[in-house]
Amino acid sequence: MPYKRIGVFFGARNNENIMLKIRNWPLSLQIICGLTLANIIVGFSAGYLVRNFQYDYLYSQVQRRSSQSFAILNSASIDAIISEDRPLLETIIEQTIKTDSSIISLSIQNENGQVLAQWQDAELEARTKFISFNEKINFEGEYFGTMKMTWDIERDNIEIERYVKESRFAILLLLSLFTLLIVSYLNVLTVRPIRKLHRRLVAMAKGDLVSRISIYTSLELNRLGEAVTMLLQALRLQKKKEKELNQARKIAEASTAAKGEFLAAMSHELRTPMNGVIGMTGFLLETDIDEEQREFAEIAHSSANALLAIINDILDFSKIEAGKLDLELIDFDLGKLLAEVRAMFMHKVKEKELAFDCVLDPAINFEVNSDPGRLRQILINLLNNAIKFTENGEIIIACDLQEETENQVIIKFRVSDSGIGIPDDKKDKLFRSFSQVDASTTRKYGGTGLGLAISKKLVELMGGQIGVESKVGSGSTFWFVLTLDKVKNEISCQDTDFTDVEEITGAEIESTSKKLKILVVDDNVVNQKVARRMLTQLGHDVEVVGDGKEAVAAIQSRRFNLVFMDCQMPVMDGFEATRIIRSEKIEEDVPIIAMTANVMKGDREKCLASGMDDYISKPVQSEEIIRVLNKVSVET
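Parameters at a glance
- Residues numbered from 1 in each chain as written.
- Predicted model: local features only at pLDDT ≥ 70, side-chain atom pairs only at ≥ 80, totals over all residues.
- Heavy atoms only, no water.
- Helix = DSSP H or I, 4+ residues; strand = E, 2+ residues; numbered from the N terminus.
- Buried < 20%, exposed > 50% of the residue type's maximum accessible area, 1.4 Å probe, protein only.
- Contact = heavy atoms within 4.5 Å.
- Areas by Shrake-Rupley, 256 points an atom, 1.4 Å probe, with all protein chains shown as cover.
- Phe/Tyr/Trp six-rings, centres within 6.5 Å; stacked < 30°, edge-to-face > 60°.
- Lys NZ or Arg CZ within 6 Å of the ring centre and 35° of its normal.
- Pairing = 2+ DSSP bridges.
- Axes fitted to C-alpha atoms, helices over the stretch in contact; angles between N-to-C directions.
- Disulfide = S-S within 2.5 Å.
- Salt bridge = Lys/Arg side-chain N within 4 Å of Asp/Glu carboxyl O.
- Patch = residues over 30% accessible without salt bridge, like charges linked within 9 Å, V, L, I, M, F, W, Y side chains within 5 Å.
- Core = buried A, V, L, I, M, F, W, Y, C linked by side-chain atoms within 4.5 Å.
- Parallel < 35°, antiparallel > 145°, perpendicular 65-115°, else oblique.
- Left-handed = near helix turned anticlockwise from the far one by under 90°.
- Nonpolar A, V, L, I, M, F, W, Y, C, P; charged D, E, K, R; others polar.
- Polar contact = N/O pair within 3.5 Å; in protein donor to acceptor, adjacent residues only side chain to side chain.
- Arc of directions from axis to C-beta.

Caption draft 1: Quick look at the overall build of the protein. Along the backbone of the protein there are 17 helices and 16 strands. Across the 636 residues that make up the protein, the buried fraction comes to 40%. Within the protein, counting contacts between residues at least 6 apart in sequence, those at least 24 apart form 68% of the total. Carbon together with sulfur atoms contributes 54% to the accessible area of the protein, which is approximately 36,600 Å² in total.

Here you go:
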């Protein structure tokens, strides 16, 4: 209970620590309270010592007076004690009492303890402050009796208490003055500098890094002030560096934006003519031409596709470097993806008369969630590399289960070949950008040296690791390890048989769509001809316009089943035309498909956000066109 009362006095709740409250007091108040408490203790202790000293002094004085009185009584009463003359002893006692009024009782006893004479004050029993002394009566060494004397010290005690109070007051007054001086000195020495430091630190926290602080009261506080000044200088330097970094970041962002814009422009400008080259050479190969002309056309078509592959590699590498490549996480069947990849390379492998096999660990859960497009790209790059450097022997794709948890599988993918192999001192060059083992390799086999660099960056982007094991003349094994999430909901998977998989070509994809009225919107005359020829060959009615404004006018006047819309056009681009068609409800239900050379990050999303329904990139592949046509045919 006393604890609770003390806690309430100090402003603390019952369950709080009083010391925590005291710590929150200002330093000057803590010093005052501490010194005041010390003064009170010292004052009362000093009073106690003064009282003891006064009592000791009083006792010695009374004892001295008693000794003198006993000496006089001893010489005057020895004969009366021996003769036991009681009246004489009483007279002696009476005369002694008269000489000192402080004596309140006196008695004389013989050697047998018998009282011969005595006197005492009538109010002796009411007295509370007195001192008694006993003295033996001796004469020439012989014991004759005892004298007992009691002294009254009531008045002396009152004087002592008054003196003690005055002493305590004087001591407390002196200590209070001393405390005031100490507090004033400490306030100047410590409290004010600490407050000054606090104000400066608060100002620094608010961003004021201009002024500095100097403290000269003590060595420690001066060092503390120097430390704050050093911190201030460090903050100024940091702020300066942050400003420089912000400027550098803005410059870098502007450079990245310019790089992205340049990359997008170059991609568009390269893909647009490539669409014409690949499309027209493809159409040329479908005509009746002689063998020499066919050979020339096939070489041109193959060269255009090779150039497109290089453009795609450079574009992918640039997007990765600029941080503009994101992963698309979807559920897919890993076994089916591997079968498709193997089928893509069957023709190349047969041309070089190589054995080609795919070995899968039966313990692998093939229903996974990741980016199948990027995984396919990694495998394609590694297989292209393996086939390029293998003249005879075999190519093997293998997948091994490394570890499996409740939600994930860790799989090691391997692409092995029996090719020329790689020297140990050249392996560090493999995954570098625009780098191959040596110049002779580039001259003999060609390539930009980007395939492995892109594969490494894609694997790392997917959170995996990639490496190579090789021996000159014995082939190479490129491997990468990925952690793939398991599919939560089952997807449709079929058992994959790799024994009789043939090459998948565009000719195997058939158009099942009915005849459609199609509007092609493109400002490039060559691309218009490619699109018209491709769609008319599939049996559709095609109309072509050159910009978005003409497209809006055409849709207002005629009904179309499908619109292929380019994005970058003069007068009105494809985005604005699509927004007008959708917002003004000119033809709200007509499917609009972006057919564009814009393939940078965000281009697809930008097309869909403007109101388009799908997206295909240039150069246009017949498989993509047929996919869109079949989809629209089902929905209409």
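What follows picks up the thread again.
Caption draft 2: Local environment of the packing of aromatic side chains. Enumeration according to the criterion identifies 1 aromatic pair in this entry. On the numbers, 4.8 Å between centres and 10° between planes, the contact of Phe413 with Phe480 is stacked. You can see Phe413 sitting in strand E9 (residues 408-417) and its partner Phe480 sitting in strand E11 (residues 475-486), a full 67 residues away along the chain. Looking at Phe413, the relative accessible area reads 1%, which means it is buried. The ring of Phe356 carries the charged tip of Arg342 above its face, separated from the ring centre by 5.3 Å. When the ring centre of Trp479 is taken as reference, the NZ or CZ atom of Lys412 above it lies at 5.1 Å.

Caption draft 3: Local environment of the sheet that holds strand E14 (residues 562-565). Spatially, E13-E12-E14-E15-E16 is the arrangement adopted by the 5 strands of the open sheet, whose pairing is parallel. Since the sheet does not close on itself, it has two edges, and those belong to strand E13 (541-545) and strand E16 (614-617), each with one partner. Here the average twist between neighbouring strands, direction ignored, is 20°. Relative to strand E15 (residues 592-596), E14 runs parallel, the two sharing 3 bridges. Considered in E15, the bridge of Met565 is made with Ala594. Contacts from helix H15 (residues 574-583) reach E14 and E15 within the one sheet, and its direction differs from that of E14 by about 150°. Across the sheet, helix H16 (residues 603-610) is in contact with E15 and E16; its angle to E16 comes to roughly 140°.

Caption draft 4: Highlighting the state of the cysteines. Enumeration over the complete set of coordinates arrives at 0 disulfides. Here Cys399 stays unpaired: no disulfide links it, and the sulfur of Cys358, its closest cysteine neighbor, is 5.9 Å away. We note that Cys607 lacks a disulfide partner, and the nearest cysteine sulfur, in Cys567, lies 3.7 Å from it. We classify Cys607 as buried; its relative accessible area is 1%.

Caption draft 5: Molecular detail of the pattern of salt bridges. For the structure on display, the rule yields 11 salt bridges. Notably, a salt bridge pairs Arg558 with Glu543, separated by 2.5 Å at the nearest N-O pair. Here the residue Arg558 occupies a position in the loop between helix H14 (548-557) and E14, and Glu543 occupies one in strand E13, the gap between them amounting to 15 residues. Here Arg558 falls in the partly exposed class, since its relative accessible area comes to 37%. For Glu543, a relative accessible area of 18% puts it in the buried group. Across the pair Asp614 and Arg627 runs a salt bridge, and its minimum N-O distance is 3.3 Å.

Caption draft 6: Examining a nonpolar patch on the surface more closely. Together, Phe169, Leu173, Leu174 and Leu177 line one region of the surface with nonpolar side chains, adding up to about 450 Å² of accessible area. By secondary structure assignment, the location of Phe169 is in helix H5 (residues 154-205). Relative accessible area serves as the criterion here: at 60%, Phe169 is assigned to the exposed category.

Caption draft 7: Summary view of the nonpolar core. In this structure, Leu334, Leu375, Phe413 and Phe480 are the most contacted members of the largest nonpolar core, which totals 43 residues. Among all residues touching Phe413, those that are not within four sequence positions of it are Leu334, Leu375, Ala398, Cys399, Phe478, Trp479, Phe480, Leu482 and Leu484. Ranked by size, the runner-up nonpolar core spans 27 residues in total, among them Leu89, Ala117, Met147 and Ile153.

Caption draft 8: Here's a closer look at the packing of helix H10 (residues 372-388) against helix H12 (residues 451-461). Relative orientation of the contacting elements H10 and H12 amounts to 150°, with a least axis distance of 9 Å. It follows from the interaxial angle that H10 and H12 lie roughly antiparallel. The interaxial crossing formed by H10 with H12 has left-handed handedness. In this structure, H10 contributes Arg374, Gln377, Ile378, Asn381, Leu382 and Asn385 to the contact, and H12 contributes Gly451, Leu452, Ile454, Ser455, Leu458 and Val459. Of the residues assigned to the contact of H10 with H12, the class counts are 6 nonpolar, 5 polar and 1 charged.

Caption draft 9: The arrangement of helix H8 (residues 334-344) in detail. Along H8, 8 of the 11 residues are buried, which leaves the element largely enclosed by surrounding structure. Three or more residues of H8 are buried, namely Leu334, Gly335, Leu337, Leu338, Ala339, Val341, Arg342 and Ala343. For H8, the N-terminal capping position is held by Asp333, with its side-chain oxygen 3.1 Å away from the main-chain nitrogen of Gly335.

Caption draft 10: Inspection of the sheet that holds strand E1 (residues 103-110) at higher detail. Sheet architecture is open: 4 strands sit in the order E2-E1-E4-E3, paired in antiparallel fashion. The open sheet is flanked by strand E2 (115-120) and strand E3 (130-139), the only strands paired with a single partner. Looking at each pair of strands side by side, their axes are set apart by 10° on average, direction ignored. In terms of strand pairing, E3 meets strand E4 (residues 142-152) through 10 bridges, oriented antiparallel. Bridged to Ile131 within E4 is Trp151. Here helix H4 (residues 86-99) sits on the sheet and contacts E1 and E2; the angle it forms with E2, its principal contact strand, is near 30°.

Caption draft 11: Here's a closer look at the environment of Ile92. On the secondary structure map, Ile92 appears in helix H4. Overall, the relative accessible area of 10% leaves Ile92 in the buried class. Along the backbone, Ile92 and Leu73 are 19 residues apart, and their C-alpha atoms lie at a distance of 7.4 Å. Those residues in contact with Ile92 that lie beyond four places of it in its chain are Leu73, Ala76 and Ser77.

Caption draft 12: Focus on the side chain of Asn527. Among the structural elements, Asn527 can be located in helix H13 (residues 525-537). Its relative accessible area of 2% is what places Asn527 among the buried residues. When sequence neighbours within four positions are dropped, the list of residues in contact with Asn527 reads Thr272, Asn275, Gly276, Asp522 and Lys618.

Caption draft 13: Summary view of unusual backbone geometry. Of note, Glu353 is a non-glycine position whose phi angle comes to about 55°, a positive value. With respect to the secondary-structure elements, Glu353 resides in the loop between helix H9 (346-351) and strand E6 (355-360). Take Glu353: its relative accessible area is 72%, and that puts it in the exposed class. Unlike most non-glycine residues, Val571 shows phi in positive territory, near 70°.

Caption draft 14: Region of interest: H16. Buried residues of H16: Asp603, Cys607 and Ser610, and no others. One side of H16 holds all its buried residues, which, seen down the axis, span an arc of 70°. In H16, the exposed positions angled more than 90 degrees off the buried face are occupied by Glu605 and Ala609. Each element contacted by the buried residues of H16 is listed here: H15, E15 and E16.

The analysis is restricted to geometry; functional conclusions fall outside its scope.
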